[in-house]
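# Per-entry structural report
So the chains spell out like this:
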Amino acid sequence: MKLYSYWRSSCSYRVRIALGLKGLEVEQATVHLVEDGGQQKAAEYTAVNPMQQVPALVLDDGTTLLQSLAIIEYLDETHPEPPLLPRHPVARARARALAEVVNAGIQPLQNLSVLQYMEAELGGSKKTWCRHFIGRGLAAMEAMAQVSKGRYLVGDEPSIADICLVPQLYNARRFELDMSLYPRLCSVDAACANLVAFEQAHPDHQPDTPAD
């Protein structure tokens, strides 16, 4: 398989974690979101993903899968162990809900293209914007996460919820949010950091991570 990725893309980060948890190896192809005006906008990559976003996963038979959560659910369906969606219907719904707070409620508002447009057209501050929307979403997740007392967001095994949380907290720290406001989320993040799949997927450890 081939994964089109960018070292600091939170959505790519999610898929890298899922691949690691499943013990799957992929070839990584870098799509630099800033260089050359954004390599995702090139015709060659637009043919891969018309939304001009990463990640994209090309399967061995040439099929291309898009959108991180769809890719993660595909990996879970084709490689069932370990499960990334809890078996119990209520736990599964909670994991999906937490994942969607990040996927639908936070990440689109901190997407690079949104920040570039906001700054250029509206004259706003990227840091102020991101602190507001990331903080609002993390506050909701902190409250939602109180339902489960397990090691991870939903029970004692990592799930799609944790796969979405960890990259989002990486971005929260980039924008200098006060992480003391989210003790439950930070506890889960620390537990995930002890797992090899999360460590290997970290932006600092990618083939395209800048030397500086």
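Attention now moves to the pairing of strand 1 (residues 2–5). Examined bridge by bridge, strand 1 and strand 2 (residues 27–30) share four bridges and lie parallel to one another. Directly across from Tyr4, in strand 2, lies its bridge partner Ala29. A crossover links strand 1 with its parallel partner strand 2, the connecting element being helix 1 (residues 10–22), and its sense is right-handed. Sheet topology places strand 1 next to strand 3 (residues 56–58); three bridges connect them, and they run antiparallel.

The next thing to look at is the packing of helix 8 (residues 160–174) against helix 9 (residues 183–193). If you want to describe how two helices pack, look at the angle between their axes and the distance between the axes. Running from N to C, helix 8 and helix 9 point in directions that differ by 110 degrees, and their axes come no closer than 10 Å. Judged by the angle between their axes, helix 8 and helix 9 are roughly perpendicular. On the side of helix 8, the interface is formed by Asp162, Leu165, Val166, Leu169 and Arg173, while helix 9 contributes Leu185, Cys186, Val188, Asp189 and Cys192. Counted by class, the contact of helix 8 with helix 9 contains seven nonpolar, no polar and three charged residues.

An order of 2-1-3-4 is seen for the four strands of this open sheet, with the pairing classed as mixed. The sheet terminates laterally at strand 2 and strand 4 (64–66), the two strands that pair on one side only. Across this sheet, the average inter-strand angle for adjacent strands is 20 degrees, counted without regard to direction. The sheet strands contacting helix 1 are strand 1 and strand 2, and the helix crosses strand 1 at an angle near 150 degrees. Across the face of the sheet, helix 3 (residues 68–78) comes into contact with strand 3 and strand 4 while running at roughly 125 degrees to strand 4.

Along the chain, the position of Gln168 falls in helix 8. Within the local environment of Gln168, its side chain forms a polar contact with the side chain of Gln110, the two groups lying 2.8 Å apart.

Our next topic: the side chain of Glu142. With respect to the secondary-structure elements, Glu142 resides in helix 7 (residues 126–144). Put simply, Glu142 is tucked away with no salt bridge, and the nearest opposite charge, on Arg184, sits 6.8 Å away. At a separation of 3.1 Å, a polar atom in the side chain of Glu142 contacts the main-chain amide nitrogen of Leu185.

Relative to the helices and strands, Asp208 resides in the segment after helix 10 (196–201). Excluding residues that lie within four positions of it along the chain, Asp208 makes contacts with Ser5, Tyr6, Trp7 and Thr30.

Another aspect to go through is the nonpolar core. By size, the foremost hydrophobic cluster in this structure holds 64 residues, and its most contacted members are Leu138, Met141, Leu153 and Leu185. Among the elements that line this core, the one with the most residues is helix 8, at nine residues. Setting aside anything within four residues of it in sequence, one finds Leu138 in contact with Ile106, Gln168, Leu169, Ala172, Leu177, Tyr182 and Leu185.

Right, let's talk about the layout of surface pockets for a bit. Here the largest pocket is characterised by a volume of approximately 780 Å³. Around the largest pocket, the lining is made up of 31 residues, and of these Leu33, Gln107, Asn111, Leu112 and Ser113 lie nearest the centre. In terms of residues, the lining of the largest pocket owes the most to one element, helix 6 (residues 112–122), which gives four residues. Here the residues of the lining of the largest pocket are counted per class, giving twelve nonpolar, 15 polar and four charged. Empty space within the second largest pocket amounts to approximately 260 Å³. Lining the second largest pocket are 13 residues; nearest its centre among them are Arg16, Gly20, Leu24, Gln28 and Gln200. Considering only residue class, the lining of the second largest pocket consists of six nonpolar, five polar and two charged.

Rules used in this analysis
- Residues numbered from 1 in each chain as written.
- Predicted model: local features only at pLDDT ≥ 70, side-chain atom pairs only at ≥ 80, totals over all residues.
- Heavy atoms only, no water.
- Pairing = 2+ DSSP bridges.
- Helix = DSSP H or I, 4+ residues; strand = E, 2+ residues; numbered from the N terminus.
- Right-handed = clockwise from strand over helix to strand, strands pointing away.
- Axes fitted to C-alpha atoms, helices over the stretch in contact; angles between N-to-C directions.
- Parallel < 35°, antiparallel > 145°, perpendicular 65-115°, else oblique.
- Contact = heavy atoms within 4.5 Å.
- Nonpolar A, V, L, I, M, F, W, Y, C, P; charged D, E, K, R; others polar.
- Polar contact = N/O pair within 3.5 Å; in protein donor to acceptor, adjacent residues only side chain to side chain.
- Buried < 20%, exposed > 50% of the residue type's maximum accessible area, 1.4 Å probe, protein only.
- Lys, Arg positive; Asp, Glu negative; His and termini not counted.
- Salt bridge = Lys/Arg side-chain N within 4 Å of Asp/Glu carboxyl O.
- Core = buried A, V, L, I, M, F, W, Y, C linked by side-chain atoms within 4.5 Å.
- 1 Å grid on protein atoms, 1.4 Å probe; cavity = no way out; pocket = protein on both sides within 12 Å on 5 of 7 lines; lining within 4 Å.
- Points joined across faces, edges and corners; volume = space filled by probe spheres on them.

These results come straight from atomic positions and should not be treated as a statement about function.
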